[in-house]
Amino acid sequence: MPTVAILTALSLEYDAVLDHLMDVEKLTHERTGTRARRGKLPGTPWHVALVDMGEGTLTAATITERVMTWLAPEAVLFVGVAGGLKDDVGIGDVVVATKVYAIHGGEQTPDGFLDRPEAWRASYRLEQAAKDALRGKAQFNGKVHFKPIAAGDVVLADSDSELAQRIRASYNDAVAIEMESSGVAHAVHLAGEAGALIIRGISDKANADKSNEDARGSQPRAAANAARAAVAVLRELQPKSTAPQPRDSDPRGRPFRSSTDAPTYSGDHLDFRGGTFHGPFTAKSVGRPPHGDGQ
């Protein structure tokens, strides 16, 4: 059952993804009570494990690690809304994060705050699938941007604030800001196998008009666009092959001279070729070999 985990921070983001799934079952982590819903994504080989993990970087890191060990997904997508930081990134647009910046690391000195940037890049495999799925295609009313984003435990609603100025100065290629991506990216990085991809719909411009945009319904629209983008990516992405690969050498590492040298087996067997076995051994033979042919 190839599985992708999709994580969200808000209920409206969760609902936007859930609308795309079928044959949904409820899952409960028996020790912690963490809930997930797992369903089939039609038209793909994927099962999607959907988790509403809540807000904040620390929560995101903790729940992501739990999902990785619990459900063992091949990939993790974090899907939802964000605030836009650039004039050419409009409300309703989708940002696929090529890089995630954690914006709160640094040192406060008499000369001011000195940033100590930390960043995580998107999984190359997932980014390539996203570019094929989304580039030049009208998935929704809005553009798709493959750009870095900033993440920190703060809701930015003042484009003239000291924080906004620092982001422009030290993370000036970031086109969006939100609160959880650095936790997700860090947890997936430490897990070492699955890749992460962050997909965010722009619901406001991270300025004083944020509340008005929210009141006009920008968040559900942005969440729906992000969910559609995530589904498009999964339609393009193929599961990693788990089929065993043919051996090209014997047990001692010596290459086979031709394909006919490679062993073929049927049923249970013990292979001692190329090695030494010490101890009693009993085997059952079916049929009698020709005279003089082995023992």
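How each quantity is defined
Residues numbered from 1 in each chain as written. Predicted model: local features only at pLDDT ≥ 70, side-chain atom pairs only at ≥ 80, totals over all residues. Heavy atoms only, no water. Helix = DSSP H or I, 4+ residues; strand = E, 2+ residues; numbered from the N terminus. Buried < 20%, exposed > 50% of the residue type's maximum accessible area, 1.4 Å probe, protein only. Pairing = 2+ DSSP bridges. Axes fitted to C-alpha atoms, helices over the stretch in contact; angles between N-to-C directions. Left-handed = near helix turned anticlockwise from the far one by under 90°. Contact = heavy atoms within 4.5 Å. Nonpolar A, V, L, I, M, F, W, Y, C, P; charged D, E, K, R; others polar. Polar contact = N/O pair within 3.5 Å; in protein donor to acceptor, adjacent residues only side chain to side chain. Arc of directions from axis to C-beta. pLDDT = per-residue confidence, 0-100.

### Observations concerning unusual backbone geometry
Part 1 of the reasoning: One non-glycine residue, aspartate 23, lies in the positive phi region at around 50°.
Part 2 of the reasoning: Within the secondary structure, aspartate 23 sits in strand β2 (residues 22-28).
Part 3 of the reasoning: On the basis of relative accessible area, aspartate 23 is assigned to the exposed category, the value being 62%.
Part 4 of the reasoning: A positive phi angle is found at alanine 206, which is not glycine, with a value near 55°.
Part 5 of the reasoning: Tracing the backbone through its elements, the reader meets alanine 206 in the loop between β12 (195-204) and α6 (210-215).

### Describing the pairing of strand β5 (residues 75-84)
Part 1 of the reasoning: Across the ten residues that make up β5, a large majority, ten, are buried.
Part 2 of the reasoning: By the bridge criterion, four bridges tie strand β1 (residues 3-8) to β5 in an arrangement that is parallel. Counterpart to alanine 5 in the pairing with β5 is valine 76.
Part 3 of the reasoning: Here nine bridges tie β5 to β12, and the two strands are oriented parallel to one another. Following the sheet pairing, alanine 82 is matched in β12 by isoleucine 202.
Part 4 of the reasoning: Where β5 and strand β11 (residues 176-178) come together, two bridges link them in antiparallel fashion. Directly across from glycine 84, in β11, lies its bridge partner alanine 176.

### Looking at the packing of helix α2 (residues 57-71) against helix α5 (residues 181-191)
Part 1 of the reasoning: With their axes 7 Å apart at the nearest point, α2 and α5 run at an angle of 35° to one another. For the pair α2 and α5, the sense of crossing is right-handed. Contacts from Thr57, Ala60, Ala61, Thr64, Glu65 and Met68 of α2 reach α5 at Ser182, Gly183, Val184, Ala187, Val188 and Ala191.
Part 2 of the reasoning: For the contact of α2 with α5, the class distribution of residues is seven nonpolar, four polar and one charged.

### A closer look at the environment of leucine 41
Part 1 of the reasoning: Position of leucine 41 among the secondary structure elements: in the loop between β3 (35-40) and β4 (47-52).
Part 2 of the reasoning: Excluding its chain neighbours within four sequence positions, the residues that come into contact with leucine 41 are His20, Leu21, Trp46, Val48, Val231 and Leu234.

### Details of the side chain of aspartate 93
Part 1 of the reasoning: Its place among the elements puts aspartate 93 in the loop between β5 and β6 (94-102).
Part 2 of the reasoning: Within the structure, aspartate 93 has its side chain in polar contact with the backbone nitrogen of glycine 90 (distance 2.9 Å).
Part 3 of the reasoning: Within the structure, the side chain of aspartate 93 is placed 2.8 Å from the side chain of histidine 145, a separation counted as a polar contact.

### Let's talk about helix α3 (residues 124-134)
Because the α-helix completes a turn every 3.6 residues, residues three or four places apart line up on one side.
Part 1 of the reasoning: Restricting attention to buried positions, one finds in α3 the residues Leu126, Glu127, Ala129, Ala130, Ala133 and Leu134. For α3, the angular spread of buried residues about the axis comes to 160°, placing them on one side. In α3, those exposed residues whose orientation departs by more than 90 degrees from the buried face are Tyr124 and Asp132.
Part 2 of the reasoning: Directly beyond the C-terminal end of α3, a positive phi value near 75° is found at glycine 136.

### Examining the confidence of the model for the chain
Part 1 of the reasoning: Of all residues in the chain, 80% attain a pLDDT of 70 or more, and the chain-wide mean is 84.
Part 2 of the reasoning: Residue range residues 272-277 is modelled with pLDDT below 50. Its contacts to residues more than four positions away, or to other chains, number eight contacts.
Part 3 of the reasoning: Throughout residues 289-295 the model reports pLDDT below 50, and contacts reaching past four residues in sequence, or to other chains, amount to zero contacts.

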